[in-house]
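The residues making up each chain are set out below.
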Amino acid sequence: MQVFKSGFVAAVMVCALSAMAQAADCTRVAASGDNVTHDLAVLFSTNALKNTIAGRGLVGKGPVKTTCKSGSAMIECHSSQMACKGGTPATCLGPWLCF
């Protein structure tokens, strides 16, 4: 019985260490965009986020979180998402144009 307990504890430790190692390969990436309309500001921030993730050679995981606030003339939106290693870096000219 002691062997099974030790084996179970060892399996739990391996799973925990594996999860920590995988979490270390991930990071939260953020981008912003602004425009005169809410929809265009959201579009700009989410596209900048997508291109920033691709340019770093990461793969987006989970939902994209977008928050917006309106200033005097422009609406500014910030989008963020968890991204993990696993992609090939894309050639990008800033956050707006990737090939």
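Residues numbered from 1 in each chain as written. Predicted model: local features only at pLDDT ≥ 70, side-chain atom pairs only at ≥ 80, totals over all residues. Heavy atoms only, no water.

Just to check I follow, could you spell out the environment of Arg56 for this structure?
As for its position among the elements, Arg56 is in the loop between helix H2 (38-55) and strand E2 (58-70). Sequence-distant contacts of Arg56, that is, excluding residues within four places in its chain, are made with Val29 and Pro89. (Helix = DSSP H or I, 4+ residues; strand = E, 2+ residues; numbered from the N terminus. Contact = heavy atoms within 4.5 Å.)

Explain the nonpolar core here, please?
As a rule of thumb, nonpolar side chains are buried together in soluble globular proteins. In this structure, Val29, Ala31, Ala48, Leu49, Ile53, Leu58 and Ala83 together form the largest nonpolar core, which totals 7 residues. Put simply, the parts of the chain that give this core at least two residues each are strand E1 (26-35) and H2. The greatest single-element share of this core, amounting to 3 residues, is contributed by H2. Beyond its immediate chain neighbours, meaning those up to four positions away, Ala31 contacts Ser45, Ala48, Leu49, Thr52, Cys77, His78 and Ser79. (Core = buried A, V, L, I, M, F, W, Y, C linked by side-chain atoms within 4.5 Å. Buried < 20%, exposed > 50% of the residue type's maximum accessible area, 1.4 Å probe, protein only.)

Honestly, the state of the cysteines in this entry has me stumped. Any pointers?
Note on terminology: a disulfide is the covalent bond linking the sulfur atoms of two cysteines. This model, assessed by the stated rule, comprises 2 disulfides. Note on cysteine connectivity: Cys26 is disulfide-linked to Cys84, with sulfurs 1.9 Å apart. The chirality of the disulfide connecting Cys26 with Cys84 is right-handed, given an S-S dihedral of about 100°. Of this pair, Cys26 sits in strand E1 while Cys84 sits in strand E3 (residues 75-85), placing them 58 residues apart in sequence. Per residue, the accessibility class of Cys26 equals that of Cys84, and both read buried. (Disulfide = S-S within 2.5 Å.)

Teacher, can you tell me more about the environment of Asn47 here?
Mapped onto the fold, Asn47 is located in helix H2. In this structure Asn47 comes out as partly exposed when scored by relative accessible area, which is 31%. Between the alpha carbons of Asn47 and Ala31 there is a distance of 8.7 Å; along the sequence they are 16 residues apart.

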